[in-house]
Amino acid sequence: MPLLFYQEVVSMRTMELSPRLRSVANLVPQGARLADIGTDHAYLPTWLILHGVIDRAIAADLREGPLERARLTAEKYGLSGHMSFRLCDGLAGVGEDEADVVAIAGMGGETIAEILSAAPWTKAEGKLLLLQPMSAQPELRRWLWEQGYSIRREVLSKEGETLYVTFLVNAGQMDKLTAGELWAGRQQAGEDAPLRGEYLDRLIAQTGRALEGLRRSTRAADSGRLAEMEQVHQDLLRLKEEWSTWQQ
């Protein structure tokens, strides 16, 4: 086997994903028809195809620059024929019958909600959503509950000092989340989540700082925010105590 060809084969087999994207990849079912929205370099679908999880994918992005980077990644690994590239806003260029798994990673929670709102077919039976919001996680959890989606599982990953959370979502009404669960997600005894304690600690510290600021504020509008934040903070403390008890 020529050395150059051998090196290319090894490179293909050893492509690595960042921890946050790997946490999404690990949730993709075998043989899924995937649409990766906001694909950028198309690392997620490339890794999944190279590892035999899926056979092909749709790589979509709003801008031509990221989509061109996706094309180059596919070309580098010999997968151009396994991907369809869509220049579109969210899911506007993806048909309901083309994907049963939709991944949206690296966007804010409000943007993710807007994308799903414009594609009501994502709430159809048999559709699986893998959502990794970079911000506004409480707002996205609330929106999903209000719109009839169900968060079946949340997976935490860590890159450097940053924690990321990935929601596994499908259709179905879930029980209303408490104030703390809107911020931290729902937990259950026995779940395998080694980063859960650290996640709760960070949220407790974050809401604690927010409370300090609100208590010093003289703005009338902040009085209502203070009561709301106190409720969130106390419920997060309850969740942390419950989680710690389960770990004993």
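Attention here is on the structure that accompanies the text. (Residues numbered from 1 in each chain as written. Predicted model: local features only at pLDDT ≥ 70, side-chain atom pairs only at ≥ 80, totals over all residues. Heavy atoms only, no water.)

1. What about the environment of Leu62?
Within the secondary structure, Leu62 sits in the loop between β2 (57–61) and α4 (64–76). Judged by its relative accessible area of 55%, Leu62 falls in the exposed class. Residues Leu62 and Ala92 lie 30 residues apart in sequence; the distance between their C-alpha atoms is 9.9 Å. Residues within four places of Leu62 in sequence aside, it is in contact with Leu87, Cys88 and Asp89. (Helix = DSSP H or I, 4+ residues; strand = E, 2+ residues; numbered from the N terminus. Buried < 20%, exposed > 50% of the residue type's maximum accessible area, 1.4 Å probe, protein only. Contact = heavy atoms within 4.5 Å.)

2. Focus on the pattern of salt bridges
Counted under the stated rule, the structure contains 13 salt bridges. In this structure, the salt-bridge partner of Asp100 is Arg33, at a minimum N-O distance of 3.2 Å. Separated by 67 residues along the polypeptide, Asp100 in the loop between β3 (83–87) and β4 (101–107) and Arg33 in the loop between α2 (19–25) and β1 (34–37) bring together distant segments of the chain. Asp40 is paired through a salt bridge with Arg69; the nearest N and O atoms lie 3.0 Å apart. Taken together, the residues Asp40 in the loop between β1 and α3 (43–50) and Arg69 in helix α4 connect sequence positions 29 residues apart. Of the residues examined, Arg69 reaches a relative accessible area of 34% and is grouped as partly exposed. Here the salt bridges share partners, and the residues they tie into one network are Lys158, Glu161, Glu198 and Arg202. (Salt bridge = Lys/Arg side-chain N within 4 Å of Asp/Glu carboxyl O.)

3. Some thoughts on the sheet that holds β4
Taking strand neighbours across the sheet as the criterion, the seven strands line up as β3-β2-β1-β4-β5-β7-β6 in an open arrangement whose pairing is mixed. One side of each edge strand has no neighbouring strand; the edge strands of this open sheet are β3 and β6 (149–159). For this sheet the average axis-to-axis angle between neighbouring strands, irrespective of direction, equals 15°. Sheet topology places β1 next to β2; four bridges connect them, and they run parallel. Opposite Asp36, over in β2, you have Ala59 as the bridge partner. Of the strands in this sheet, β1, β4, β5 (128–133) and β6 touch helix α5 (residues 109–117), which is tilted by about 150° from β4. Strand contacts of helix α8 (residues 196–216): β6 and β7 (162–171), with the helix running at about 105° to β7, the strand carrying the most contacts. (Pairing = 2+ DSSP bridges. Axes fitted to C-alpha atoms, helices over the stretch in contact; angles between N-to-C directions.)

4. What about the nonpolar core?
Counting 49 residues, the largest nonpolar core has Ile37, Ile104, Leu116, Leu131, Leu144 and Leu236 as its most contacted members. In this structure, Ile37 is in contact with Ala60, Gly90, Leu91, Val94, Val102, Ala103, Ile104, Ala105, Met107 and Ile115, ignoring residues within four places of it in sequence. With 30 residues, the next largest nonpolar core counts Ala32, Leu34, Ala70 and Leu79 among its residues. (Core = buried A, V, L, I, M, F, W, Y, C linked by side-chain atoms within 4.5 Å.)

5. Quick word on α8
Look at α8: 31 Å from first C-alpha to last across 21 residues, which is about the 30 Å you get at 1.5 Å a residue. Of the residues making up α8, those classed as buried are Arg196, Gly197, Tyr199, Leu200, Leu203, Ile204, Thr207, Gly208, Leu211 and Leu214. Buried residues in α8, looked at end-on, bunch into an arc of 165°, giving them a common side. Along α8, exposed side chains directed more than 90 degrees from the buried face belong to Arg209 and Arg216. Among the structural elements, α6 (137–146), β6, β7, α7 (179–184) and α9 (222–246) are those in contact with the buried residues of α8. (Expected span 1.5 Å × (residues − 1). Arc of directions from axis to C-beta.)

6. Points about the pairing of β4
In terms of burial, β4 is a largely internal element, six of the seven residues being buried. Where β1 lies against β4, four bridges are found, and the strand directions are parallel. Each residue of the ladder has a partner; that of Asp36, found in β4, is Ala103. When β4 meets β5, the two strands line up parallel, connected through six bridges.

7. Quick look at the packing of aromatic side chains
Using the criterion set out here, one finds two aromatic pairs in the structure. Summarising the aromatic geometry, the rings of Trp143 and Tyr149 are spaced 5.6 Å apart at their centres and angled 25° between planes, so their arrangement reads as stacked. Looking at Trp143, the relative accessible area reads 17%, which means it is buried. Ring geometry for Trp243 versus Trp246: centroids 6.2 Å apart, planes at 70°, classification edge-to-face. You can see Trp243 and its partner Trp246 sitting in helix α9, three residues apart, about one turn around the helix. Since its relative accessible area comes to 5%, Trp243 is described here as buried. We note Arg20 situated over the ring of Tyr164; from NZ or CZ to the ring centre the distance is 5.9 Å. (Phe/Tyr/Trp six-rings, centres within 6.5 Å; stacked < 30°, edge-to-face > 60°. Lys NZ or Arg CZ within 6 Å of the ring centre and 35° of its normal.)

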